[in-house]
Structures are given as C-alpha cells and as structure tokens.
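# Residue-level structural notes
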Amino acid sequence: MCGEKSRRSGLIFYQLPPFKKAEKMQSPYAITPAATPVYAPLAILLHWILAVLIISMIALGWFMTAIEDDPGSAWYFRLHKSIGLIIAGLVLLRLVWRLGHQPAPLPASIARWQVSASKAGHGLLYAAMVAMPFFGIVGSMLSDKDFLFFGIPLPRVFQPNHDLAEIFFEAHSVTTWILVGLISLHALAGLKHLVIDKDGVFQRMWFSRQGPHHGP
Ligand code: HEM
C-alpha cells in the first residue's frame, strides 16, 4: 500500500507515507511535501478536468463572441452551450462531493491570514463556478435560439424573452470576468507554493506517484 486513508474527527483525507528525509526535520513545525495530506483522487480528478474545461470555455466564449457575425459562428455557440452543460453537471458533482468531504488542514507553516485567504478564495471560486454556467444556461433557455446538447434539442422550459435573456447573458459575462480574476490569483498562489515555498501545498492537488492508495 502506498498511502494511508485516515479518519480524524469525522474528516476523511489521505496521508502520504513519510519520506526518510522527514526523519531529519529540525523543527516539529517543519513540513515536507511527503508529510502533507493530499486531496482524495476524485477531488483531484474533478479539479483538473474542470480547470481545463473552464479555462478552454472562457477562451472559446471570447473567440465566438468576436466572430459572432461571421458565417459559421453558430457551430461555436452550440459547442459552447453543450460543453457548458457538461461543466454545470461536473461542478454540481464536485460541490456535492466537497460538502461531504472536508480537506485536511493546511500545513502548520502557512500563515493564518493565508489559510483564511485560501478558504475565502476557494469559497468564491465555487460560487463563481456555479453562478457562471447557471446564468449562461438560463439565458440560453430564455433565448429564441434552439438549445441543443450535441445536436439533441432540449425541452423549452421558458417562453422566449429577449430582454430577460440579455440580462442573464450580461450576468454570465460579469461572472466570467470575476472567475478570470479569481482563477488568476488562485493559479498564481498554487504555483508560488510549487516553485517558491516548496511546502507540499501544490502536491495536495496533484497526482502524486506515491499518492493516495485507492482502497475501498
Ligand atoms: C494552473 C491552474 C491551477 C492550479 C495551479 C491550481 C492549484 C490548486 C491547488 C494546489 C489546490 C489545493 C489547495 C489546498 O491544498 O488547499 C487547489 C484547490 C482548488 N482549486 Fe485550483 N488550481 C488551478 C486551477 C483552478 C481552476 C481553473 C479552478 C476553477 C475554476 C480551481 C478551483 C479550485 C477550488 C475550488 C479548490 C478548492 C478545493 C476544495 O477545497 O474543495 N482551480 N487548486
């Protein structure tokens, strides 16, 4: 077995096996990457699938609105809506999983303000990840254009309402900008932990080779 599944006060997380190096630790508060508990495999998988999908969709959204009036742009809009529905489903799955699985605390070496900033940032990321596709989906339902999921027409829930649809698309656009800001700060913080701090925080959300044991 290469990792150990632990339970503490009802929390479930995975603990990497300690490196030999950890025995040489000078301070009881020193943290090595190997001693840092990592996220569960499903949480890591969903994190990176959603990271790739969301970043690609933001790029696609900007591209398609730039070519909106060109012939053939409808294909990109349909693709955007179909992948948007997949993202919304994965975000809900992730949210449900997260509500039942608390991550392990951050290493004790991390300043308290950074722990609070990280919690607030993750909360805002979840809120924006839910709100952004929600506004886009409701806007599409209110639009007079067909709403297809990879060619399959979806039932019309609302009567078309152009003005209301525009309000939802505006909210979709504003939440996208908020998400871009949050993702940029979040990714920079994650990369700082990887490159500068080297404290194992990035590895908590990475597919480690000594990583968690996929036990029952
Ligand atoms: C290069 C891009 C990214 C890097 C390097 C990165 C890195 C990380 C790391 C290291 C963590 C774990 C932090 C911890 O241990 O407490 C994390 C958590 C998280 N990330 Fe990212 N991330 C990236 C992109 C994204 C994107 C695009 C999103 C969503 C739009 C996202 C949403 C989240 C959320 C919500 C959490 C909190 C997980 C939880 O506690 O449930 N990340 N990320």
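Residues numbered from 1 in each chain as written. Predicted model: local features only at pLDDT ≥ 70, side-chain atom pairs only at ≥ 80, totals over all residues.

## Observations concerning the nonpolar core
Under the convention used in this document: Defined on buried residues, the nonpolar core groups Ala, Val, Leu, Ile, Met, Phe, Trp, Tyr and Cys residues joined through C-beta atoms within 7 Å. Any residue whose C-beta has 12 or fewer other C-beta atoms within 10 Å is treated as exposed, any with 20 or more as buried, and any in between as partly exposed, C-beta atoms being built from the backbone. In DSSP terms, a helix is any run of H or I states spanning at least four residues, a strand is any run of E spanning at least two, and both are numbered starting from the N terminus. Note on contacts: each residue gets a C-beta atom placed from the backbone, and two residues are in contact if those atoms are within 7 Å.
Formed by Ile 54, Met 57, Ile 87, Val 91, Ala 128, Met 129, Met 132, Phe 135, Leu 142, Phe 168 and Leu 179, the largest nonpolar core amounts to 11 residues. Counting only elements with at least two residues in this core, the list comes to helix H1 (41-66), helix H2 (73-100), helix H3 (112-142) and helix H4 (162-197). Ranked by residues supplied to this core, first place goes to H3 with 5 residues. Setting aside residues no more than four positions away along its own chain, Phe 168 makes contact with Phe 135, Val 138, Gly 139 and Leu 142.

## So, the site of the ligand
As a reminder of what qualifies: We call a residue near a molecule or strand if the C-beta atom, set from the backbone, is within 6 Å of it. When residues are grouped by polarity, Ala, Val, Leu, Ile, Met, Phe, Trp, Tyr, Cys and Pro land in nonpolar, Asp, Glu, Lys and Arg in charged, and all others, Gly among them, in polar.
Neighbouring residues of the ligand: 22 residues in total, closest Ala 51, Ala 187, Gly 190, Arg 204 and Met 205. Residues belonging to the shell around the ligand are distributed by class as follows: 15 nonpolar, 5 polar and 2 charged.

## Topic: the confidence of the model for the protein
Selection criterion: Confidence scores here are pLDDT values: one per residue, from the predictor, ranging 0 to 100.
For the protein, the mean per-residue pLDDT works out to 85, and 80% of the residues sit at or above 70. At the low end of the mean pLDDT range in the protein sits strand S1 (residues 4-8), at 46; at the high end sits H4, at 98. With pLDDT under 50 throughout, residues 1-12 is counted as low confidence; its partners more than four residues away or in other chains account for 24 contacts. Segment residues 16-32 is flagged for pLDDT under 50; beyond a separation of four residues in sequence, or across chains, it makes 29 contacts in the model.

## Here's the deal with H4
Filter applied, for reference: Here, expected helix span is obtained from the residue count minus one, scaled by 1.5 Å. The angle between axes fitted to the seven residues ending at a residue and the seven residues starting there is what we call the bend at that residue.
With 36 residues, H4 should reach 52 Å at 1.5 Å per residue; the first-to-last C-alpha distance of 50 Å fits that figure. The principal kink in H4, of about 25°, is found at Leu 191. Of the residues making up H4, those classed as buried are Phe 168, His 172, Thr 175, Thr 176, Leu 179 and His 193. As for H4, its buried residues are in contact with H1 and H3.

## Overview of the packing of H3 against H4
Here is the rule: Fitting a line to C-alpha atoms yields each axis, with helices limited to the stretch in contact; the angle taken between N-to-C directions then spans 0 to 180 degrees. Angle categories are assigned with fixed cut-offs, so that under 35 degrees is roughly parallel, over 145 is roughly antiparallel, 65 to 115 is roughly perpendicular, and the rest are oblique. Rotating anticlockwise by less than a right angle from the far helix to the near helix defines a left-handed crossing, while the corresponding clockwise rotation defines a right-handed one.
Contact geometry for H3 and H4: axes closest at 8 Å, N-to-C directions at 155°. Put simply, H3 runs roughly antiparallel to H4. Note that H3 runs across H4; the crossing there is left-handed. For the contact of H3 with H4, the residue count by class is 17 nonpolar, 7 polar and no charged.

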